[in-house]
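# A closer look at the structure
Spelled out from the first residue to the last, the chains are:
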Amino acid sequence: MSMATRTDTQSPALHVADSHDLIRVHGARENNLKDVSVEIPKRRLTVFTGVSGSGKSSLVFDTIAAESQRMINETYSAFVQGFMPTPARPAVDVLDGLTTAIIVDQQRMGADPRSTVGTATDANAMLRILFSRLGKPHIGPPSAYAFNVPSVRASGAITVERGAKKAVKATFNRTGGMCTRCEGRGTVSDIDLTQLYDDSKSLAEGAFTIPGWKSDSFWTVRVYAESGLLDPDKPIRKYTKKEMQDFLHREPTKVKVEGVNLTYEGLIPKIQKSFLSKDKEAMQPHIRAFVERAVTFTTCPECDGTRLSEGARSSKIERIGIADACAMQISDLAEWVRGLKEPSVAPLLAALQHTLDSFVEIGLGYLSLERPAGTLSGGEAQRVKMIRHLGSSLTDVTYVFDEPTIGLHPHDIQRMNGLLLRLRDKGNTVLVVEHKPEAIAIADHVVDLGPGAGTGGGTVCFEGTLEGLRASGTVTGRHLDDRAAVKETVRKPTGTLEIRGATANNLQNVDVDIPLGALVVVTGVAGSGKSSLVHGSLPRQMGAENVVSIDQGAIRGSRRSNPATYTGLLDPIRKAFAKANGVKPALFSANSEGACPTCNGAGVIYTDLAMMAGVSSPCEECEGKRFQASVLEYHLAGRDISEVLAMSVTEAEEFFGAGEAHTPAAHKILERLADVGLGYLTLGQPLTTLSGGERQRLKLATHMAGKGGVYVLDEPTTGLHLADVEHLLGLLDRLVDSGKSVIVIEHHQAVMAHADWIVDLGPGAGHDGGRIVFEGTPADLVAARSTLTGEHLAAYVGT
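Residues numbered from 1 in each chain as written. Predicted model: local features only at pLDDT ≥ 70, side-chain atom pairs only at ≥ 80, totals over all residues. Heavy atoms only, no water.

### Structural notes on the state of the cysteines
For clarity, the threshold we go by: Note on terminology: disulfide denotes any pair of cysteine sulfur atoms within 2.5 Å.
Here the structure, examined in full by the defined rule, presents zero disulfides. This cysteine, C179, is not joined by any disulfide, and C182 carries the nearest cysteine sulfur, 3.7 Å off. Between C303, a free cysteine, and C300, which holds the nearest cysteine sulfur, the sulfur-to-sulfur gap is 3.7 Å.

Encoded structure:
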């Protein structure tokens, strides 16, 4: 191969095209940003810091990344844009120098029962092609190995309208890999009929015990009682065999109820469609409790949980079937694929090898491809999304990361830093929202927002180098080198929780004694078995009602939901307003009778413009206050309901704490919100605008009133600024001192140093973990330095 020879020996003057080396933001006002202007260098790694709620995500995600994606969407045809989300232009005066933005956020992956780590990446697709080429016996195309594809057979006459119409006989076959028994879910459900109805009663007497099934509902109860297929006055236990078959299993049938055509369907298929086809985590708490009571899930006996048909399971490459490959730990699967030498599929093997090696490189080698996507933590989901970008040939794009070190042990953070630097070194702009000092340390440029949170933030406090940040005197600069000291004295336990023979997931017959009445930290590298030990064993040992578990799951809520509605604070506030004015509490709900009729209590009018960006404008009738004018005439201590919802938690705590507005029930909830460091939030702020750290602390505040004796927290430092960690430690101390036992799954060294007892799992991840490698006090762990955690904790406390 010949190459052209360069003849110029001196570097030419800067080309005008090379002068666009900055992303300029001027006058950003999204959410709490106060006319922010910054200049971000391209092809560098910029870290955005600041206390939780200071405006980092508003600047990076809601302004820079959102406008980049919106402008890319506008390059597609109007037809294509009609199928895409159409965000409005962010509130900003000038955005200049943008490049294509690739967002890698913390959003959990969809919890669809058929979504796995393999289907969420390209790994499963490549494995299916591999088995369709090399599998023995050969059973068909790649679809024959897919548990999401059912086998289909059809034959009959079709009419071809081409010239003269004529009927043609046709047959159609498609071989799929779906197990017919569980339909590709891997589990089968068994419904406890006693939880659906009381068989001693008739339908007319209200036999159904299903939540939401009211006796006067056309669509549920009345369609059974008045279908003509069942006797509504006969107790269910006296039904004949045919009546029971019709009641429980009948195929959809058209019936008339009071002249209205309705569809009658057996109770079991109806329940399966209404409840079992939905994501359990998205259900309301009382519905979820009903499903957990009424439905038991067991491994499918036909496919043994592999989700695949017998044919797909029988086809093998070197004695390994596709189900075996998906069940392997990914690090082991990568080694197996590396051993396959088949020239006919060499490019496919190389691509599959690269994908699997990327899993290992990013610290996810302990997963398996069959792992349900909905069970991944926020940090794991973010790293799975990163995999497709690691080998990308794209350059000069903007990668946007939201705390990529979440869920990572200090040992793994170094590896993540290396990946971020690699992306930068390929000529990309990397923007990272981060709190961890180890991640901030690799920044080429730092933007520090603050000085406070909520309305107290939204300004740029510092822009420059890491050394400049240290000397700047900002909240982040002052706390960057904070190091918690190991406790000199620890609490004496009030009892012991004995866990014996724990084998959930990768745990290897673990025996451990967890002290009660103390602050216990469970730690270890990602994938070592921490969550399996705590979440898998504790509720069984202690009883679910005694354990208050606060995990990383997202808060479900629309833009109508806010801290007041989520915490139950709005109920005592509405009652206080109703009592003071002698009217109904429902008037003081923007989702009920008090709602402005023009905007239905939303406060904004949203106009959908199809493939163009939708427009939302404040409602002219209520001026964005969400309530009818007549409702705003009612006052409590001189404030109307909209003014109360506009208060911050701190202001409301004072307002409801004494005087005419004194409301003990509301004051108690507000105290808890202030306790977890959310004093700056306004009561009516939509939940959709809260950051990840704010949402987790809101859940903690809500659960602090729980009756349980044991609190389990899953990485409560997620999204917390260095300055806020000290506040969190104080809160955990208060919980323990009030007589609770607090068990924290955590990687943050400040929390480890502050613990009374540490349980360290490892030594590695997946099948290399699942064992207790240390249990004792933090001081003993530092002194021994016998584990990875011990080494990093010793380095952190400076011993």
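The structure having been displayed, the exposition proceeds.
### Focus on helix α7 (residues 267-276)
The test is simple: Residue burial is assigned from relative accessible area. The probe radius is 1.4 Å, only protein chains are included, and a residue is buried under 20% of its type maximum, exposed over 50%, and partly exposed in between. Counting from the N terminus, the helices are the DSSP runs of H or I reaching at least four residues and the strands are the DSSP runs of E reaching at least two.
In terms of residue burial, α7 counts as a mostly covered element, since seven of its 10 residues are buried. Among the residues of α7, L267, I268, P269, K270, I271, F275 and L276 are the ones counted as buried.

### Some remarks on the packing of helix α4 (residues 123-134) against helix α12 (residues 346-361)
Note the cut-off: Axes here refer to lines fitted to C-alpha atoms; in helices the fit is confined to the stretch in contact. Angles between the N-to-C directions go from 0 to 180 degrees. Orientation is classified from the angle alone, with under 35 degrees giving roughly parallel, over 145 giving roughly antiparallel, 65 to 115 giving roughly perpendicular, and any other angle giving oblique. Definitions for this section: a left-handed crossing has its near helix turned counterclockwise from the far helix by less than a right angle. A right-handed crossing has that turn clockwise. We call two residues in contact when some of their heavy atoms are within 4.5 Å. Polar here means any residue outside two lists: the nonpolar Ala, Val, Leu, Ile, Met, Phe, Trp, Tyr, Cys and Pro, and the charged Asp, Glu, Lys and Arg; Gly therefore counts as polar.
Contact geometry of α4 with α12 gives a least axis separation of 10 Å together with a crossing angle of 150°. Regarding the angle of α4 to α12, the classification is roughly antiparallel. Between α4 and α12 the crossing geometry is left-handed. Residues A123, M126, L127, I129 and L130 of α4 touch α12, and the partners they reach there are L348, L349, A351, L352 and T355. Of the residues in the contact of α4 with α12, the class split is nine nonpolar, one polar and no charged.

### Comments concerning the side chain of S58
Its location among the elements puts S58 in helix α1 (residues 56-73). Judged by relative accessible area, S58 falls into the buried class, the value being 8%. Dropping the residues within four chain positions of it, S58 is found in contact with E30, N31, N32, L33 and T63.

### Structural notes on α4
What counts is decided by this rule: To estimate the expected span of a helix, count its residues, drop one, and scale the result by 1.5 Å.
Look at α4: 16 Å from first C-alpha to last across 12 residues, which is about the 16 Å you get at 1.5 Å a residue. A123, N124, M126, L127, L130, F131, S132 and L134 are the residues of α4 that are buried. Elements in contact with the buried residues of α4: α3 (117-120), β12 (316-317), β13 (320-321), α10 (322-327), α11 (330-338) and α12.

### With respect to the nonpolar core
Defined as follows: What is meant by a nonpolar core is a set of buried Ala, Val, Leu, Ile, Met, Phe, Trp, Tyr and Cys residues, joined one to another through side-chain atoms within 4.5 Å.
Membership of the largest hydrophobic core comes to 71 residues, with the highest contact counts inside it found for L127, L130, L333, W336 and F401. The residues contacting L130, other than those within four sequence positions of it, are G135, I317, L340, V345, L348, L349 and L352.

### Describing the packing of aromatic side chains
The line we're drawing: Between rings of Phe, Tyr and Trp, where Trp is taken as its six-membered ring, a pair exists when centres lie within 6.5 Å; planes separated by under 30 degrees are stacked, by over 60 edge-to-face, and by other angles tilted.
Going through the model one piece at a time under the given rule, you end up with 12 aromatic pairs. When the ring of F131 is compared with that of Y145, the centres are 6.0 Å apart and the planes differ by 45°; the resulting orientation is tilted. With F131 in helix α4 and Y145 in the loop between α4 and β6 (152-160), the pair connects residues that are 14 residues apart, well separated along the chain. Accessibility expressed as a relative area gives 0% for F131, which makes it buried. Residue class for Y145 comes out buried when judged on its relative accessible area of 2%. Measuring from ring centre to ring centre gives 5.7 Å for Y239 and F247, while their planes differ by 90°; the resulting arrangement is edge-to-face.

### Regarding the sheet that holds strand β21 (residues 547-550)
This is how it is decided: A pair of strands counts as paired when DSSP detects no fewer than two bridges linking them.
Spatially, β21-β24-β25-β20-β26-β27 is the arrangement adopted by the six strands of the open sheet, whose pairing is mixed. Looking at which strands have only one partner, the edges of the open sheet turn out to be β21 and β27 (771-776). Mean inter-strand twist for the sheet, computed between neighbouring axes without regard to direction, equals 15°. Bridge count for β21 against strand β24 (residues 710-714) is four bridges, and the pairing is parallel. Bridged to V547 within β24 is V710.

### Digging into the packing of helix α6 (residues 241-249) against α7
Helix packing for two helices is described by the angle between their axes and how far apart those axes are. Following both chains from N to C, one finds α6 and α7 inclined at 10°, their axes separated by 4 Å at the closest point. As far as their axial angle goes, α7 and α6 are roughly parallel. Between α6 and α7, the residues in contact are F247, L248 and H249 and L267, I268 and P269, respectively. Of the residues assigned to the contact of α6 with α7, the class counts are five nonpolar, one polar and no charged.

### Focus on the sheet that holds strand β1 (residues 22-28)
In sheet architecture, strand pairing relies on hydrogen bonds along the backbone and comes in two forms, parallel and antiparallel. Pairing within the open sheet is antiparallel, and its three strands lie in the order β2-β1-β4. The open sheet has two free edges, formed respectively by β2 (36-41) and β4 (94-96), since each of these has just one partner strand. Strand-to-strand twist of the sheet, defined as the mean angle between neighbouring strand axes without regard to direction, takes the value 5°. Relative to β2, β1 runs antiparallel, the two being bridged by five bridges. The residue of β2 that forms the bridge with R24 is E39. Across the sheet, α1 lies against β1, β2 and β4, angled at about 115° from β1, the strand it touches most.

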